[in-house]
Amino acid sequence: MLIRKPADIPTSEITPEAVYQQRRTFMGQSAALIVGAGLSAASSRVSAGLQEDDEITPEQIVTQYNNFYEFGTDKSDPYANAGALTTDPWTVSVSGAANKTGDFAFEDVIKGLTPEERIYRFRCVEAWSMVVPWMGIPLKKILQQFEPTGDAKYVAFKTLYRPEEMVGQRSFFSSIDWPYVEGLRMDEAYHPLSIMVTGLYGKELPNQNGAPWRLMVPWKYGFKSIKSIVSIHFSERQPVNTWQALAAHEYGFYANVNPAVDHPRWSQASERRLPSSIFNPNRRPTLPFNGYADEVAELYRGMDLRKNY
Amino acid sequence: MRALNVCRLKALVWATLSAPLLWLLILISQELRQPNSALGPEPSEALLHYLGEWALIMLLLAFAVSPLRRRLHWPPLGQARRLVGLFAFTYATLHVLTYLGLYAQFQLAEVIDDFVHRPYITAGMAAFGALLLMAITSTQGWRRRLKRRWQQLHRGIYVAAALAVIHLLWLRKDNTLDSAIYLSVLALLIVERTVFFWQQRQRREVGS
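Residues numbered from 1 in each chain as written. Chains lettered and ligands numbered in written order. Predicted model: local features only at pLDDT ≥ 70, side-chain atom pairs only at ≥ 80, totals over all residues.

Caption draft 1: The arrangement of the overall build of chain B in detail. Each helix and strand counted, chain B has nine helices and zero strands in total. Its helices and strands in sequence order give chain B the pattern α-α-α-α-α-α-α-α-α, from N to C terminus. With the principal axes as the frame, chain B shows a C-alpha extent of 65 × 40 × 40 Å. In chain B, of all internal contacts separated by at least 6 residues, the share reaching a separation of at least 24 is 62%. (Helix = DSSP H or I, 4+ residues; strand = E, 2+ residues; numbered from the N terminus. Contact = placed C-beta atoms within 7 Å.)

Put into structure tokens, the structure is as follows:
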């Protein structure tokens, strides 16, 4: 039997809900301030667009569970197989609508440019997500060195093609036409959030995550952020990226994170934040432009994002 | 091989086909002790794929029982057919329950959305529907009741196996060795069966 006791606390002493809610906001704000102060103290850390409950994903997961089809289609394959890749020496060939074209040594391209730490949300087109502390150089600073001309409307990147070191490229079954190609519009590439990543968790970028350098465009699905880049090409025409070439109705050129436009084979309305537990897939709503709408929505003003997915 | 009697054969099937499930229980107990250890960063996803893959393997096995019995001239094998089919059904059920519970969190609206909009889910659910019908009617009682229609209904194994392979092919982003193997096994079984039926008809025509 349940006997209800009268409440011990007089109603006059109970904090009204509105005040209580304010307290929560206050605490949230102070927490953000403290975190913010801590981050700015660590030199040039940027955590633009991070939500209060965005916790950095453990390093072990970021480096051992990802897609890099050059090393196999399973998400544990890159970690298992990328050891075979040699990244030194590394040559980058620059071509197209730019004044300075030709082959450059990787060290020379990044010489004098200091990587900054950027904590970004990472959203894969397969509907899982992470929060990753990248070390990177603003893409604009890298690209400007080659002095792109007025004809450069787009920039295309290519991943290394070296089947003897990249087991996935030797796959008999894959329909991918290697090397992997990705591209950006120049204004997207020049956006301050776009970076060329050279490190992870304050360390050198591991092979399986795209050593020696890879793109990171946080408001787009992960496949746009091409890894182990050996070619940069400036052009007037929109490049055809690898996944678009493979299945144009599933993957577009823009690939902006958009909860309103589903992938034909799964919903993009929510995402599974890694790591999850066995009884809880840790689902959370996906944000437009992966939470970076304030910074980048302007780039797509007037465009039909359903058509330009 | 012929010394192996039906009882022993069934025990062997039980032991072999329940092994993946026992292994999974070990993985789960390890996972419960230390999160993300045995099943990786996405345990519900890992569980889903593990069960799905084994359901598909057992479905193809169930499909293969009759041809193997014929080709090996070993009639007792037919006695194990229902058991293999029920194992396939068990793994498929666990796979579907994992999807409904751990993955979709029992959100009916989401499941319906998936069923309507994602062809690979539609194919998978249709395969499960066929399996469910066969599992329910797998008893001797139903066999007697349905008479000739029973055999027709249980040819649903062709449909279920084909739909399950399609389910896998449609959900993959790129072709891989394992999906190529499943597809080849399915194609081989279908060709074998077609040739067999055709030969039977020829024989019947010659006989009449």
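Caption draft 2: The arrangement of the overall build of chain A in detail. Counting its secondary structure elements, chain A contains eight helices and twelve strands. The buried share of chain A, reckoned over its 309 residues, is 40%. Long-range pairs, those at least 24 residues apart, make up 68% of the contacts in chain A with a sequence separation of at least 6. (Buried ≥ 20, exposed ≤ 12 C-beta atoms within 10 Å, placed from the backbone.)

Caption draft 3: Just unusual backbone geometry, in detail. All names here are of chain A. Here Asp-88 and Pro-89 are connected by a cis peptide whose omega angle stands at 5°. Within the secondary structure, Pro-89 sits in the loop between helix 3 (77–81) and strand 1 (91–96). With an omega of 0°, the peptide bond running from Trp-178 to Pro-179 counts as cis. With respect to the secondary-structure elements, Pro-179 resides in the loop between strand 5 (154–159) and strand 6 (181–185).

Caption draft 4: Structural detail: the packing of helix 2 (residues 43–71) of chain B against helix 3 (residues 81–103) of chain B. All names here are of chain B. The N-to-C vectors of helix 2 and helix 3 enclose an angle of 160°; their axes lie 8 Å apart at closest approach. In terms of orientation, helix 2 and helix 3 fall into the roughly antiparallel class. In terms of crossing hand, the pair formed by helix 2 and helix 3 is left-handed. Its residues assigned to classes, the contact of helix 2 with helix 3 comprises 19 nonpolar, six polar and one charged. (Axes fitted to C-alpha atoms, helices over the stretch in contact; angles between N-to-C directions. Parallel < 35°, antiparallel > 145°, perpendicular 65-115°, else oblique. Left-handed = near helix turned anticlockwise from the far one by under 90°. Nonpolar A, V, L, I, M, F, W, Y, C, P; charged D, E, K, R; others polar.)

Caption draft 5: Local environment of the interface of chain A and chain B. Chain A puts 21 residues into the contact, and the matching count from chain B is 23 residues. When the residues that make up the side of chain A that touches chain B are grouped by side-chain class, the tally is twelve nonpolar, six polar and three charged.

Caption draft 6: Representation of the packing of helix 2 of chain B against helix 8 (residues 156–171) of chain B in the model. All names here are of chain B. Following both chains from N to C, one finds helix 2 and helix 8 inclined at 150°, their axes separated by 10 Å at the closest point. One way to sum up the angle between helix 2 and helix 8 is to call them roughly antiparallel. The crossing of helix 2 and helix 8 is left-handed. Residues Leu-56, Leu-59, Leu-60, Ala-62 and Phe-63 of helix 2 form the contact with helix 8, whose participating residues are Ile-157, Ala-160, Ala-161, Ala-164 and Leu-168. In the contact of helix 2 with helix 8, the residues fall into ten nonpolar, no polar and no charged.

Caption draft 7: Focus on helix 1 (residues 6–33) of chain B. All names here are of chain B. Counted at 1.5 Å a residue, the expected span for helix 1 with its 28 residues is 40 Å, and the 40 Å between its end C-alpha atoms agrees. Remark: the principal bend of helix 1, roughly 40°, maps to Ala-19, with a proline, Pro-20, within the next four residues. At its buried positions, helix 1 is contacted by helix 2 and helix 3. (Expected span 1.5 Å × (residues − 1). Bend = angle between axes of the 7 residues up to and from the residue.)

Caption draft 8: Up close: the sheet that holds strand 10 (residues 229–235) of chain A. All names here are of chain A. Spatially, 2-1-10-5-6 is the arrangement adopted by the five strands of the open sheet, whose pairing is mixed. Each edge of the open sheet carries a strand with a single partner, namely strand 2 (102–105) and strand 6. Pairwise comparison of adjacent strand axes, ignoring direction, gives a mean angle of 20° for this sheet. Where strand 5 meets strand 6, five bridges bridge the pair, whose relative direction is antiparallel. In the sheet register, Lys-158 faces strand 6, and the bridge partner there is Val-181. (Pairing = 2+ DSSP bridges.)

Caption draft 9: The arrangement of helix 2 of chain B in detail. Its 29 residues place the ends of helix 2 of chain B 41 Å apart at the C-alpha level, agreeing with the 42 Å of an ideal helix rising 1.5 Å per residue. Immediately downstream of helix 2 of chain B, the backbone of B:His73 shows phi near 50°, a positive value.

Caption draft 10: Looking closely at the environment of B:Glu42. Tracing the chain through its elements places B:Glu42 in the loop between helix 1 and helix 2. With 63 residues separating them along the chain, B:Glu42 and B:Gln105 place their C-alpha atoms 15 Å apart. Sequence-distant contacts of B:Glu42, that is, excluding residues within four places in its chain, are made with A:Trp128, A:Arg272, A:Leu274 and A:Ser276.

Caption draft 11: The arrangement of the nonpolar core in detail. If you look at the biggest cluster of nonpolar residues, it comprises 53 residues, and the most contacted ones within it are A:Trp134, A:Val155, A:Met196, A:Val197, A:Leu215, A:Met216 and A:Trp219. Setting aside residues up to four positions removed in sequence, A:Val197 forms contacts with A:Trp134, A:Met135, A:Gly136, A:Leu205, A:Trp213, A:Arg214 and A:Met216. Ranked by size, the runner-up nonpolar core spans 49 residues in total, among them B:Leu39, B:Val96, B:Tyr99 and B:Phe128. (Core = buried A, V, L, I, M, F, W, Y, C linked by C-beta atoms within 7 Å.)

Caption draft 12: Here's a closer look at the environment of A:Val197. Residue and element names in this part refer to chain A. Along the chain, Val-197 turns up in strand 7 (residues 195–200). We classify Val-197 as buried; it has 25 C-beta atoms within 10 Å. C-alpha of Val-197 to C-alpha of Pro-78: the two residues are 119 residues apart in sequence and 17 Å apart in space.

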